Amino acid sequence: MKHPFQIGDTQVYRKTVTAADFARFDDGLVHAVCSTFSLAQAAEWAGRLFVLEMKEEDEEGIGTFLNINHKSPAFENEVVEIIAHLKSQEGNSVICSFEARVGERLVADGETGQKILKKDKLARVLAPTK
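Residues numbered from 1 in each chain as written. Predicted model: local features only at pLDDT ≥ 70, side-chain atom pairs only at ≥ 80, totals over all residues. Heavy atoms only, no water.

Turning to the pattern of salt bridges, a few remarks are in order. Overall, the coordinates contain nine salt bridges when judged by the stated rule. Of the charged contacts in the structure, one is a salt bridge between K118 and D58, with a shortest N-O distance of 3.0 Å. With K118 in strand β7 (residues 105–118) and D58 in the loop between α1 (36–54) and β4 (59–70), this residue pair connects regions lying 60 residues apart in the sequence. Here K118 falls in the partly exposed class, since its relative accessible area comes to 38%. Three or more residues joined by partner-sharing salt bridges are found here, namely D58, E59 and K118. (Salt bridge = Lys/Arg side-chain N within 4 Å of Asp/Glu carboxyl O. Helix = DSSP H or I, 4+ residues; strand = E, 2+ residues; numbered from the N terminus. Buried < 20%, exposed > 50% of the residue type's maximum accessible area, 1.4 Å probe, protein only.)

A complete count under the given rule lists one aromatic pair for this structure. Considering the side-chain rings of F5 and F50, the 4.9 Å spacing of their centres and the 85° angle between planes classify their relative orientation as edge-to-face. Here F5 is found in the segment before β1 (10–16), whereas its partner F50 is found in helix α1, with 45 residues between them in sequence. Each member of the pair F5 and F50 is classed as buried. (Phe/Tyr/Trp six-rings, centres within 6.5 Å; stacked < 30°, edge-to-face > 60°.)

A separate point is the sheet that holds β4. Read across the sheet, five strands follow the order β1-β5-β6-β7-β4 without closing on themselves; strand pairing throughout is antiparallel. At either margin of the open sheet sits one strand with a lone partner, and together these are β1 and β4. Ignoring which end each strand starts from, the neighbouring axes of this sheet average 25° apart. Sheet strands touched by α1: β1, β4, β5 (79–90), β6 (93–102) and β7. Its angle to β4, the strand with the most contacts, is close to 140°. (Pairing = 2+ DSSP bridges. Axes fitted to C-alpha atoms, helices over the stretch in contact; angles between N-to-C directions. Contact = heavy atoms within 4.5 Å.)

Our focus in this paragraph is the pairing of strand β3 (residues 28–34). With four bridges connecting them, strand β2 (residues 22–25) and β3 associate as antiparallel partners. Counterpart to F25 in the pairing with β3 is G28. Between the end of β2 and the start of β3, which pair antiparallel, lie two residues.

It is worth spelling out the UniProt feature "domain: Fluoroacetyl-CoA-specific thioesterase-like" (unreviewed entry) in the protein at this point. What UniProt calls "domain: Fluoroacetyl-CoA-specific thioesterase-like" (unreviewed entry) maps, in this numbering, to residues 17–119. For residues 17–119, helix accounts for 19% and strand for 57%, while the C-alpha atoms at its two ends are 33 Å apart. (UniProt positions renumbered as here; feature names shortened; annotations may be inferred.)

It is worth spelling out the side chain of S72 at this point. Here S72 shows up in the loop between β4 and β5. Residue classification places S72 among the buried residues on the basis of a relative accessible area of 15%. Within the structure, S72 has its side chain in polar contact with the backbone oxygen of L106 (distance 2.7 Å). Residues contacting S72, with those up to four places away along its chain left out, are R105, L106 and V107. (Polar contact = N/O pair within 3.5 Å; in protein donor to acceptor, adjacent residues only side chain to side chain.)

Formed by 24 residues in total, the largest nonpolar core has its most connected members in L39, F50, A74, V80, I82 and A100. Elements with a minimum of two residues in this core: α1, β5, β6 and β7. Setting aside chain neighbours within four positions, we find L39 in contact with C34, I68, H70, V80, A100, V107 and A108. (Core = buried A, V, L, I, M, F, W, Y, C linked by side-chain atoms within 4.5 Å.)

Encoded structure:
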């Protein structure tokens, strides 16, 4: 595992809201705005941008937790900017706080956690039990 970052470093991911991001369930469309689920996925990706530069060839990241506070809507065609801040890095654990904004408007904030594991160990952990 590489350690190219310092606490407080940031990574930025920009996502344009499309109809595929809308809040919908099996019973249909709930709201024509970016869903909490879609924001959560984007927040995890923003934190993963750190992991991509930290992991070695024989390693991979896996999510460990996600906390998201959805504060306001993001509408179709708006660009949501997710800024991940490296909050802590202890051992193989990478924790980020994040803010998601459309312009100055806070859409969501929270934290993500990931661990970096050897690919062979991860394969054993994720293998179906017999």
